[in-house]
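Here are the chains, one letter per residue:
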Amino acid sequence: MLRILLVEDSVFDRKSLGKAFTDSGIEYMITEFSKAEEAFIDIIRHHDKYDVIISDYLLPGMNGLEFLLSVLKENIRVPLILITGEGSEHLAASAIKSRISQYVVKDIDLRYLSVLPVTVEKAVSNFNNWKARQKAEEDLFKSEKELREANIKLALSLDAKNKFLRIFSHDLKAPVGNSKTLSDMLYNDYDNISETEKKDIISLLKQSNDATLKLLENLMSWSKSQSSTMIYRPRFFDVSSTIVDVIELQIAEISKKELSVKSSVEKGALVYADEEMISTVLRNLLSNAVKYTPKKGNISFEGYHKNDTLFVEIRDSGIGIENDHLKNIFDIEYAHSTKGTEDETGNGIGLLICKELLEKNCGSLSVESTVGVGSTFILSLPMKEVSCQI
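Counting restarts for each chain: residues are numbered from 1 in the order of the written sequence. Two thresholds apply to this predicted model, a pLDDT of at least 70 for residue-level local features and 80 or more for giving and counting side-chain atom pairs, whereas whole-chain, interface and lining totals are computed over all residues. Excluding hydrogens and water, the side-chain figures rest on all heavy atoms present in the structure.

### Describing the pairing of strand S4 (residues 80-84)
Okay, so step 1: In terms of residue burial, S4 counts as a mostly covered element, since five of its five residues are buried.
Okay, so step 2: The pairing of strand S3 (residues 52-56) with S4 spans four bridges and is parallel. Looking across to S4, one finds that Ser 55 is bridged to Leu 82.
Okay, so step 3: Here the term right-handed applies to a crossover when the path leading from its first strand over the helix to its second strand runs clockwise, the strands being oriented away from the viewer. Elements are defined by DSSP. Helices are runs of H or I of four residues or more, strands are runs of E of two residues or more, and each kind is numbered from the N terminus. For the handedness criterion, the β-α-β arrangement of S3, helix H3 (residues 64-73) and S4 is classed as right-handed. Buried, partly exposed and exposed residues are distinguished by accessible area as a fraction of the type maximum, computed with a 1.4 Å probe on protein chains only: under 20%, between the cut-offs, and over 50%, respectively. Strand pairing is defined by DSSP finding a minimum of two bridges between the two strands.

This is the structure:
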């Protein structure tokens, strides 16, 4: 059904126009106004109510051209048709210049009534075709833009991942190379090496193997986080107990550097998350704190909650992080190898893994640091059941 808004002050012309549409066989519905001001208020309130607007030129108050121009200024997109008994070239030019769809001249013998329905139908058809082309062009432009953005993101992602693998390969080369050198030494000169030297070599071998294992564990965690193979199994668990277990796992490294590691996280502090993922996060954060804290330094776990979120701060008295590195610390593009206080290897990949795993658990990770004073990593976790996108 063709929905028409008609502005015509002549009762005779309104009835004649209605009869012309009835005789044409076009299914229609006309809403009539005698004043442009009233019609304008209606079109503003119900701008999607009409398929076409037809207005006479000579009206009391605002004339038809002024009315249609006001509609255009409101960015209301429907075909606009101006009817006038004044067939002046100036008026016709003004209508066409103003993007009025059709300009129809009333003739004395009313022949215009027989062609007006067809003119209206054609104007609406042309307008709908134009609108369809506009939408198709907009959709195409949007698709091309999204494709360009996706290609850029893919290129950046591949570059970042390639950089990650280069860093990882570089860091893996050292402990694997050390293990090979030490193993060759034991194999080739076993009988000529004293028992004390053998113990020293075995100790160094253990350190190299531990470093290799940690790198491989991080690689596996990162690989899982980048794919759909990581299974998310959230449940309520006491994070204070997990912290105690994580400290126990690294007691050898802690003791070697004579560090004081304490946790004041309240017992029974339940969070809703995947305990295995959070354990991986805490292990990495503690390992970093141990790595970058000098001998006899301090590391602490402190907890507090706001509303339904638990915050855990891992605070150390380590060497701190330079500002230039701090602002990009969770960006894989800026990951690079660094040494700990005892020349331990580090590449920042663990922090990227921590952030991704926390986000998979509706959590977050942030950091504060002062060079020469230490760093504080702050993680948050939900204390109520939530659903996260993996």
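There's more to say after this.
### Points about the pattern of salt bridges
Okay, so step 1: The working definition used for a salt bridge is a side-chain nitrogen of Lys or Arg within 4 Å of a carboxyl oxygen of Asp or Glu. This structure, assessed with the given rule, holds 11 salt bridges.
Okay, so step 2: One salt bridge in this structure joins Lys 384 and Asp 308, with 3.7 Å as the shortest N-O distance. Placement of Lys 384 in the segment after strand S14 (374-382) and of Asp 308 in the loop between strand S9 (298-306) and strand S10 (309-316) is noted, with a sequence separation of 76 residues between them.
Okay, so step 3: The exposure class assigned to Lys 384 is partly exposed, which follows from its relative accessible area of 44%.

### Observations regarding helix H9 (residues 275-291)
Okay, so step 1: In this model H9 runs 24 Å from its N-terminal to its C-terminal C-alpha over 17 residues, within 8% of the 24 Å that 1.5 Å per residue would give.
Okay, so step 2: Where H9 begins, the capping side chain belongs to Asp 274, and its oxygen is found 3.0 Å from the backbone nitrogen of Glu 276. What a helix is expected to span follows from its residue count: subtract one and scale by 1.5 Å. In the analysis that follows, any N or O atom pair within 3.5 Å is treated as a polar contact, provided that within protein one partner can donate a hydrogen and the other can accept it, and provided that, for residues neighboring in sequence, both atoms belong to side chains.

### Examining the side chain of Ser 287
Okay, so step 1: By secondary structure assignment, the location of Ser 287 is in helix H9.
Okay, so step 2: The exposure class assigned to Ser 287 is buried, which follows from its relative accessible area of 10%.
Okay, so step 3: Only heavy atoms matter for contacts: two residues are in contact if any of them lie within 4.5 Å across the pair. Setting aside its immediate chain neighbours within four residues, Ser 287 contacts Lys 214 and Gln 250.

### Points about the environment of Val 124
Okay, so step 1: Mapped onto the fold, Val 124 is located in helix H5 (residues 112-189).
Okay, so step 2: Each C-alpha atom, one on Val 124 and one on Val 78, is 7.9 Å from the other, the two residues being 46 residues apart in sequence.
Okay, so step 3: In contact with Val 124, other than residues within four places in its own chain, are Leu 2, Asp 51, Val 52 and Pro 79.

### A word on helix H11 (residues 349-360)
Okay, so step 1: Given a rise of 1.5 Å per residue, 12 residues ought to cover 16 Å, and the 17 Å separating the end C-alpha atoms of H11 matches this to within 8%.
Okay, so step 2: By the criterion of burial, H11 is predominantly enclosed, with nine of the 12 residues buried.
Okay, so step 3: Among the residues of H11, Ile 349, Gly 350, Leu 351, Leu 352, Ile 353, Cys 354, Leu 357, Leu 358 and Lys 360 are the ones counted as buried.
Okay, so step 4: Phi turns positive, to about 60 degrees, at Cys 362, one or two residues after H11.

### A few points about the sheet that holds strand S13 (residues 364-370)
Sheet strands associate in pairs through backbone hydrogen bonding, adopting either a parallel or an antiparallel arrangement.
Okay, so step 1: Strand order in the open sheet formed by five strands is S7-S9-S10-S14-S13, and the pairing between neighbours is mixed. With one partner strand each, in any of the chains shown, strand S7 (260-263) and S13 form the two edges of the open sheet. Neighbour-to-neighbour, the strand axes of this sheet turn through a mean angle of 15 degrees, independent of strand direction.
Okay, so step 2: When S7 meets S9, the two strands line up parallel, connected through four bridges. Directly across from Ser 263, in S9, lies its bridge partner Phe 301.
Okay, so step 3: Every angle, taken between N-to-C directions, lies between 0 and 180 degrees, and every axis is a line fitted to C-alpha atoms, over only the stretch in contact when it is a helix. Those strands touched by helix H7 (residues 239-249) are S7, S9 and S10, and its axis lies near 165 degrees from that of S7.

### Some points on the packing of helix H2 (residues 36-45) against H3
Okay, so step 1: Remark: H2 packs on H3, axes separated minimally by 10 Å, with the N-to-C direction vectors making an angle of 15 degrees. When the interaxial angle is binned, H2 and H3 end up roughly parallel. Relative to H3, H2 is oriented so that their crossing is right-handed. Contact residues: Ala 36, Ala 39, Phe 40 and Ile 43 in H2; Phe 67, Ser 70 and Val 71 in H3.
Okay, so step 2: Polar here means any residue other than Ala, Val, Leu, Ile, Met, Phe, Trp, Tyr, Cys and Pro, which are nonpolar, and Asp, Glu, Lys and Arg, which are charged; Gly is therefore polar. Here the residues of the contact of H2 with H3 sort into six nonpolar, one polar and no charged. Oblique is the label for any angle not covered by the other classes, which are roughly parallel (under 35 degrees), roughly antiparallel (over 145) and roughly perpendicular (65 to 115). Crossing handedness follows the turn of the near helix against the far one: under a right angle anticlockwise gives a left-handed crossing, and clockwise gives a right-handed one.

### Digging into the pairing of strand S2 (residues 28-33)
Okay, so step 1: Direction of pairing for strand S1 (residues 2-7) relative to S2: parallel, over a ladder of six bridges. The partner of Val 7 across the bridge, within S2, is Phe 33.
Okay, so step 2: Taken together, S1, helix H1 (residues 11-24) and S2 form a β-α-β motif whose crossover is right-handed.

### Describing the nonpolar core
Okay, so step 1: In plain words, nonpolar cores are sets of buried Ala, Val, Leu, Ile, Met, Phe, Trp, Tyr and Cys residues tied together by side-chain atoms within 4.5 Å. Core analysis: the largest hydrophobic core is formed by 42 residues, its most contacted members being Leu 285, Leu 286, Phe 301 and Leu 379.
Okay, so step 2: Mapped by element, the contributors of at least two residues to this core are H7, strand S8 (270-273), H9, S9, S10, H11, S13 and S14.
Okay, so step 3: Among the elements that take part in this core, H9 stands out by supplying eight residues, more than any other.
Okay, so step 4: Ranked by size, the runner-up nonpolar core spans 22 residues in total, among them Phe 33, Phe 40, Val 71 and Ile 76.

### Quick notes on the packing of aromatic side chains
Okay, so step 1: Each Phe, Tyr or Trp ring (for Trp, its six-membered ring) is paired with any other whose centre lies within 6.5 Å, and the angle between the two planes then decides the class: stacked below 30 degrees, edge-to-face above 60, tilted in between. Taken as a whole, this structure holds three aromatic pairs when the rule is applied.
Okay, so step 2: Between Phe 21 and Tyr 28, the aromatic rings sit 5.6 Å apart at their centres with planes inclined by 40 degrees, giving tilted as the arrangement.
Okay, so step 3: Judged by relative accessible area, which is 1%, Phe 21 ranks as buried.
Okay, so step 4: For Tyr 28, a relative accessible area of 24% corresponds to the partly exposed category.
Okay, so step 5: In this analysis the charged atom, NZ for Lys or CZ for Arg, is taken to sit over a ring once it is within 6 Å of the ring centre and within 35 degrees of the ring normal. Here Lys 198 stacks its cationic end above the ring of Tyr 190, 3.5 Å away from the centre of that ring.

### Quick word on the packing of H7 against H9
Okay, so step 1: In the contact formed by H7 and H9, the axes pass within 10 Å of each other and the chain directions differ by 50 degrees. Regarding the angle of H7 to H9, the classification is oblique. The interaxial crossing formed by H7 with H9 has right-handed handedness. Side by side, H7 and H9 meet where Val 239, Thr 242, Ile 243, Val 246, Ile 247 and Leu 249 of the first sit next to Glu 275, Ser 279, Leu 282, Arg 283 and Leu 286 of the second.

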